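Take a look at the letters that make up each chain.
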Amino acid sequence: MMFRVLSPLHIGNGNQLTPIDIYPGQDRVYVLDLDKLIGNIQNLGINLEEILHLLKNPPGDSYIWKGYIDELNLTPKDYALYTLRIYGTPGKESMQIREFIKLNGSPYILGSSVKGALRTAVLYRVLRECGNAGTAMNLVSRFDGKLAREIGFNSHVVEFYVEKLSKERVDGKRADDLLEAIVFGMEPDRRSGVRYEPKRDPFRALIVRDSEPVGKKHLAVYRVEVVPVNLPIWVEALEPGTTGNIEVRINREILRLNSGHFNGLLWECLKNYGKPWEVFEDFLWKAVEEFYGEVIKTELTELSRFGKYGANVRSFYSSLKNYDGHLIRLGWGSGWLAMTVGILLREKGKWEDVGKKLGLGRNPRSKKLSNYFPKTRRLANGLPMGWVVLQ
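Visitor: Looking at this model, I keep getting lost on the overall build of the protein chain. Mind explaining?
Guide: Check the secondary structure of the protein chain and you find 15 helices and 19 strands. Considering only residue pairs separated by 6 or more positions, the protein chain has 76% of its internal contacts joining residues 24 or more positions apart. Counting only carbon and sulfur atoms, one obtains 46% of the accessible surface of the protein chain, whose full area is about 19300 Å².

As structure tokens, this is what we get:
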């Protein structure tokens, strides 16, 4: 499939460019080849001890090499590993730039990021259409009668999930583990009753490879505004208009040959539409359309949260209808709603309970929970981040 980036997309590699690594120009950033630069500075008569002292004792948070390059009338481009356009004002004294993931120096889109975005959409659709407690109870009863009875006390598996969270100590990062097991595939577990088992998950049949590398010319630095706290963050991101190819396909034979092995709500839900291996692809793309359509709708109903960028956000989302294909949202800054089933929890009036249990939206100083979560929005060049269309 072809992908097209519609708004700035950042998928990080965990590293940051610091003031030691860069020279900030007026409209671009130069990522420096330090070996080449230091060697040339020495050839021009600057003592190595002076350079090392500067590196060990940098003057505040200022750009260390800017003084040398400007004073010696050097051309930053001559010492750049690569150059990045910058959107938004750079830091006056310093900035740290979160790096984009790269292969041999070229950025690419992780297949796991795309697969995760598709998986979230399917989770949402399965819970919405097939999340009745009776079906879930019957599936779980094969492994744990006690857990099955707990589910049966509710009308919907989401209600059971919220009740379970309210009674037990749960790590926020693992809060959805039990829900994932019930939806995608499970095995017995002594502690929790059931646990997620990848071998019983129909998503085994969805193959998503890393994209082909794209040229660094599509990469830029964006000053990301965190609204409303006015806290800038700089990231490397693929620019809107970037295109490339990524393999996304479904192996029907895996689904057909393992039809007796899959045991979650997803498999039961697929049976409602026909033979699961024949309907899986259509089910997947309709789930994507439904879920990300709800994400857009939610964003548009909360335009006031975007502050002065509200008009930009409205215009951007209005433009998405011009693209044929499958809209998804991924990467850093794409928002909590696009990464979870928070929309479904809101629809069922369960968000407040889950938010309190997991401490989401808690003010680090006052320890009070916000009435709204997520409270902040991240915007790059005035746009909501991470929107991509698969065609």
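Visitor: Got a minute to help me understand the state of the cysteines in this structure?
Guide: Should the sulfur atoms of two cysteines be covalently bonded, the bond is a disulfide. Taken as a whole and judged by the stated rule, the model has one disulfide. What pairs with C130 in a disulfide is C269, and their sulfur atoms sit 2.0 Å apart. Linking C130 and C269, the disulfide has an S-S dihedral of approximately 60 degrees and is accordingly described as right-handed. Placement of the pair is C130 in helix α4 (residues 111–130) and C269 in helix α10 (residues 265–271), with a sequence separation of 139 residues. This pair shows no difference in class: C130 is buried, exactly as C269 is.

Visitor: Explain the packing of aromatic side chains here, please?
Guide: Between two aromatic rings, the relevant description is the distance of the centres plus the angle of the planes. Evaluated as defined, the whole model comprises eleven aromatic pairs. Aromatic pair Y317 and W387: ring centres 5.8 Å apart, planes at 90 degrees, arrangement edge-to-face. Of the two residues, Y317 is situated in helix α12 (residues 310–319) and W387 in strand β19 (residues 387–390); the sequence distance between them amounts to 70 residues. Each residue in the set Y124, F291, Y292, F316, Y317 and W387 is aromatic and connected to the rest through ring pairs, giving one cluster.

Visitor: Quick question: what am I supposed to make of helix α5 (residues 133–140) here?
Guide: Residues spaced three or four apart along an α-helix face the same direction, because each turn holds 3.6 residues. When α5 is considered as a whole, its buried residues turn out to be A133, A136, L139 and V140. End-on, the buried residues of α5 take up no more than an arc of 130 degrees, which puts them together on one face.

Visitor: Please clarify how the packing of α4 against helix α11 (residues 276–301) should be interpreted in this entry.
Guide: To describe two helices that pack against each other, one gives the angle between their axes and the distance between the axes. It is at 8 Å that the axes of α4 and α11 come closest, and there the two elements cross at 90 degrees. In terms of their interaxial angle, α4 and α11 are classed as roughly perpendicular. On α11, the residues touching A117, L118, T120, A121, V122, Y124, R125, V126, R128 and E129 of α4 are D282, F283, L284, W285, K286, A287, V288, E290, F291, Y292 and E294. Looking at the contact of α4 with α11 residue by residue, the classes come out as 13 nonpolar, one polar and seven charged.

Visitor: Explain the pairing of strand β6 (residues 97–100) here, please?
Guide: Strand residues, when the strand is regular, have side chains that alternate between the two faces of the sheet. The pairing of strand β2 (residues 12–17) with β6 spans three bridges and is antiparallel. From the neighbouring strand, Q16 faces β6, where its bridge partner is R98. Pairing analysis gives two bridges linking β6 to strand β13 (residues 231–238), with the strands arranged parallel. Across the sheet, I97 pairs through a bridge with W234, a residue of β13.

Visitor: How should the sheet that holds strand β1 (residues 2–5) be read in this particular structure?
Guide: Strand order across the open sheet formed by four strands is β14-β1-β19-β16, with antiparallel pairing between neighbours. Each edge of the open sheet is held by one strand with a lone partner, namely β14 (243–245) and β16 (326–329). On average, each strand axis in the sheet is tilted by 25 degrees relative to the strand beside it, whichever way the strands run. Of the pairings in the sheet, the one linking β16 to β19 comprises four bridges and is antiparallel in character. What sits directly across from L327, in β19, is V389.

Visitor: I tried to follow the pattern of salt bridges on my own but got confused; where do I start?
Guide: Scanning the model with the defined rule gives 23 salt bridges in all. Here E294 ties to K297 by a salt bridge, and the two come within 3.3 Å at their closest N and O atoms. Linking E294 with K297, this pair stays in helix α11, spanning three residues, or about one helical turn. A salt bridge links E299 to R329, with the shortest nitrogen-to-oxygen separation between them at 3.1 Å. Here E299 is found in helix α11, whereas its partner R329 is found in strand β16, with 30 residues between them in sequence. Residues joined in a network through salt bridges with shared partners are E299, E302, R305, R329 and R377.

Visitor: Whenever I open this one, α4 confuses me. Can you help?
Guide: Given a rise of 1.5 Å per residue, 20 residues ought to cover 28 Å, and the 28 Å separating the end C-alpha atoms of α4 matches this to within 8%. Taken across its 20 residues, α4 has 14 buried, putting it largely inside the fold.

Visitor: Is there a simple way to explain the packing of α4 against helix α8 (residues 177–184) in this structure?
Guide: For the pair α4 and α8, interaxial distance at closest approach is 11 Å and the crossing angle is 75 degrees. The angle between α4 and α8 places the two elements in the roughly perpendicular class. Along the contact surface, α4 presents R119, V122, L123, V126 and L127, while α8 presents L179, E180, V183 and F184. Taken together, the residues of the contact of α4 with α8 sort by class into seven nonpolar, no polar and two charged.

Visitor: Is there a simple way to explain the nonpolar core in this structure?
Guide: Ranked by internal contacts, the top residues of the largest apolar core, which has 98 residues, are I328 and W387. Broken down by element, this core gets its largest block of residues, eleven residues, from α11. L32, I41, I69 and Y79 belong to the second largest nonpolar core, which has 14 residues in total.

Visitor: Explanation requested: the side chain of T242 in the structure shown.
Guide: Within the secondary structure layout, T242 lies in the loop between β13 and β14. Judged by its relative accessible area of 1%, T242 falls in the buried class. Separated by 2.7 Å, the side chain of T242 and the backbone oxygen of E239 make a polar contact. Excluding its chain neighbours within four sequence positions, the residues that come into contact with T242 are F3, R4, V5, V214 and H218.

Conventions used here
Residues numbered from 1 in each chain as written. Predicted model: local features only at pLDDT ≥ 70, side-chain atom pairs only at ≥ 80, totals over all residues. Heavy atoms only, no water. Helix = DSSP H or I, 4+ residues; strand = E, 2+ residues; numbered from the N terminus. Contact = heavy atoms within 4.5 Å. Areas by Shrake-Rupley, 256 points an atom, 1.4 Å probe, with all protein chains shown as cover. Disulfide = S-S within 2.5 Å. Buried < 20%, exposed > 50% of the residue type's maximum accessible area, 1.4 Å probe, protein only. Phe/Tyr/Trp six-rings, centres within 6.5 Å; stacked < 30°, edge-to-face > 60°. Arc of directions from axis to C-beta. Axes fitted to C-alpha atoms, helices over the stretch in contact; angles between N-to-C directions. Parallel < 35°, antiparallel > 145°, perpendicular 65-115°, else oblique. Nonpolar A, V, L, I, M, F, W, Y, C, P; charged D, E, K, R; others polar. Pairing = 2+ DSSP bridges. Salt bridge = Lys/Arg side-chain N within 4 Å of Asp/Glu carboxyl O. Expected span 1.5 Å × (residues − 1). Core = buried A, V, L, I, M, F, W, Y, C linked by side-chain atoms within 4.5 Å. Polar contact = N/O pair within 3.5 Å; in protein donor to acceptor, adjacent residues only side chain to side chain.

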